[in-house]
Structures are given as structure tokens and as C-alpha cells.
Amino acid sequence: CVLDLDARPGTAPACSKPPEASYGRYLIDPTAQQLYYGAWDGIHAFERATGKDRLVVTGAGPGGGMGLSPSGKRLAWSDCQPQIALTELGTNRVVHRESLTGPATNQLGAWVFVRETPATSVLAYREPEGHIHELTSPKQLPSSPALEPTGERVVFVRADAPGLWLAFGVRQRPLQQLTTGTDLNPLWIDRERVAFTRVRADGKPEVWTLELDGAPQRAFD
């Protein structure tokens with residue numbers, strides 16, 4: 001279900017729901033009108049305005065994240081194994097594979113991803129020009145990176161220190177802990193706000209939002 005986090009206070013947010021059972025992390029394009037999601041037969045694109053649903057990548061099942069190129073013509077995705085594929089939309093042609101997970105892209109052409117081996121995982125940032133910077137140490141166990149739409153900031157999850165963390169792709173700054181507890185699946189709303197899922201003590205999820213210089217606020221459950 002895709003919800004409008006900017007709904008008027010006191011009103012229930014509208015929900016756009018893909019027609020198929022889906023799994024993995026959703027990807028929303030920069031216009032916020034098209035939603036990519038994984039289903040049993042591959043990756044679908046769901047248009048929120050019309051309800052039109054298209055199968056855009058066959059035989060692929062994203063479980064570790066997706067990213068869209070600035071042109072909107074190439075989709076990066078990873079399954080539950082440490083493997084990403086870069087697929088050319090419209091042709092279903094895989095143009096690149098690499099042993100990584102959790103790919104995310106932004107409008108500038110930058111990437112973040114988790115470089116995994118059997119023993120370690122490291123969060124990395126790839127500049128649009130191709131230079132790669134490792135942002136975490138092998139002991140910090142990062143996952144679910146979300147890249148700022150028009151910048152270099154990355155919000156991600158750490159298994160060794162639960163909560164959301166902030167990293168910078170190029171600027172040399174220490175990691176900053178934004179929240180504590182079982183907070184998952186960060187998603188940038190705009191330049192200063194992130195939405196995420198918070199798991200309550202009873203195991204039920206809630207949607208929260210976070211101003212990067214403020215405190216988390218519960219949006220709705």
C-alpha cells in the first residue's frame with residue numbers, strides 16, 4: 001500500500017495498492033506516480049493515477065532492494081542472494097551483474113549498495129563518475145540503504161546497533177545514529193524527511209517519519 005505522508009492533518013491518508021501480492025522493498029520513481037514491486041512472475045510497474053500494472057522484468061524477484069537510473073530506463077535490483085542485476089527496461093536485457101545487495105540510486109546518478117562476502121558486509125557509495133567510497137566497517141553489518149534523492153546522504157540500518165543511521169557518501173564525517181530500536185526500511189520523502197517502519201513491542205508495525213534534525217513522529221499504523 002502506498003500512502004500519502006503529506007495528507008491533511010486529521011484526514012486518513014489515501015492508499016494506492018498494487019493488484020498483485022508483492023514482496024521486497026518497493027521503489028517509487030521521482031514523480032511519485034509509478035511504483036515498482038516484486039511479484040511471483042517478476043518485477044511490475046504500477047501506475048498510481050490509472051491503476052495500470054505492467055510486468056517490466058520477467059523471472060526476477062527483488063528481495064534486497066531496487067534502484068532506478070536517472071533516465072528511468074535501467075532498473076537495478078537484488079534478490080535475497082548477494083547478487084544485483086542491472087536490467088534495461090523494455091527489453092528485459094541484463095546489462096550488468098555483480099555480487100552486491102540493497103542497491104539504491106538517486107536522480108544524480110549516484111548509487112549505494114552493500115558489498116557482501118560470506119564473512120562481512122560493507123556499505124558503499126558510488127559517485128556518478130564511478131568512484132566508490134566504503135562508508136562502514138566490516139563489523140557494522142549494514143542493510144536497507146536509502147540514498148538522498150538529490151544528494152549524498154544515506155540512511156541505513158545496522159544489525160550490530162539497531163536503529164537508523166546516517167552516513168555521507170563523499171564528505172568525511174562520522175556515522176550518526178538517528179534512532180534506536182527496531183526501525184526498518186527507511187525511505188526518503190524529501191531532502192530533510194525520512195519515512196520508516198517501527199516494530200512495536202507486540203510485533204505490529206507502524207509508519208513513522210523523521211526530520212533529520214528532529215525527533216521521530218508516528219504517522220499512522
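Everything numeric here is computed off the predicted structure, so don't read it as measured data. (Residues numbered from 1 in each chain as written. Predicted model: local features only at pLDDT ≥ 70, side-chain atom pairs only at ≥ 80, totals over all residues. Heavy atoms only, no water.)

A. Up close: the sheet that holds strand S15 (residues 142-147). Spatially, four strands are ordered S15-S16-S17-S18 in an open sheet, and the strand pairing comes out antiparallel. Where the open sheet ends on each side, the last strands, each with one partner, are S15 and strand S18 (176-177). One ladder, built from four bridges, connects S15 with strand S16 (residues 153-158); its direction is antiparallel. The partner of Leu 147 across the bridge, within S16, is Val 154. (Pairing = 2+ DSSP bridges. Helix = DSSP H or I, 4+ residues; strand = E, 2+ residues; numbered from the N terminus.)

B. A look at the confidence of the model for the protein chain. Of all residues in the protein chain, 80% have pLDDT values of 70 or greater, and the mean over the chain is 79. Within the protein chain, the lowest mean pLDDT, 53, falls on strand S1 (residues 2-3), and the highest, 96, falls on strand S17 (residues 164-168). (pLDDT = per-residue confidence, 0-100.)

C. View of the packing of aromatic side chains. According to the stated counting rule, one finds zero aromatic pairs in the structure shown. If you follow Arg 198 out to its NZ or CZ, it ends over the ring of Trp 208, 4.2 Å from the centre. (Phe/Tyr/Trp six-rings, centres within 6.5 Å; stacked < 30°, edge-to-face > 60°. Lys NZ or Arg CZ within 6 Å of the ring centre and 35° of its normal.)

D. Representation of the side chain of Asn 106 within the structure. Tracing the backbone through its elements, the reader meets Asn 106 in the loop between strand S11 (100-105) and strand S12 (111-116). In this structure Asn 106 comes out as buried when scored by relative accessible area, which is 4%. In this structure the side chain of Asn 106 is engaged in a polar contact, spanning 3.1 Å, whose partner is the backbone nitrogen of Ala 110. In this structure the side chain of Asn 106 is engaged in a polar contact, spanning 2.9 Å, whose partner is the backbone oxygen of Gly 151. (Buried < 20%, exposed > 50% of the residue type's maximum accessible area, 1.4 Å probe, protein only. Polar contact = N/O pair within 3.5 Å; in protein donor to acceptor, adjacent residues only side chain to side chain.)

E. Local environment of the pairing of strand S13 (residues 121-126). When you tally the buried positions in S13, you get five out of six residues, the bulk of the element. Of the strand pairs in this sheet, S12 and S13 are connected by six bridges, and their pairing is antiparallel. Within S13, the residue paired with Val 112 across the bridge is Tyr 125. Here S13 runs beside strand S14 (residues 132-134); their pairing, made up of three bridges, is antiparallel. Within the sheet, the bridge partner assigned to Tyr 125 lies in S14 and is His 133. Hairpin connection from S13 to S14: five residues lie between these consecutive antiparallel strands, with Gly 130 at a positive phi of about 110 degrees.

F. Up close: the sheet that holds S12. The antiparallel open sheet is built from four strands, whose spatial order is S11-S12-S13-S14. Edge positions in the sheet fall to S11 and S14, since each has one partner strand and no second. Averaged over all pairs of adjacent strands, the angle between their axes in this sheet comes to 20 degrees, without regard to strand direction. Note: S11 against S12, four bridges, orientation antiparallel. Bridging across to S12, Leu 100 finds its partner in Arg 115. (Axes fitted to C-alpha atoms, helices over the stretch in contact; angles between N-to-C directions.)

G. Seen up close, the environment of Gly 42. As for its placement among the helices and strands, Gly 42 is situated in strand S5 (residues 42-47). With a relative accessible area of 0%, Gly 42 lands in the buried category.

H. Focus on the side chain of Gln 140. With respect to the helices and strands, the residue Gln 140 is situated in the loop between S14 and S15. Residue Gln 140 is classed as buried on the basis of its relative accessible area of 16%. A polar contact is formed between the side chain of Gln 140 and the backbone nitrogen of Ser 137, at a distance of 2.9 Å. For Gln 140, the residues in contact, after removing those within four places along its chain, are Arg 158, Ala 159, Asp 160 and Leu 175. (Contact = heavy atoms within 4.5 Å.)

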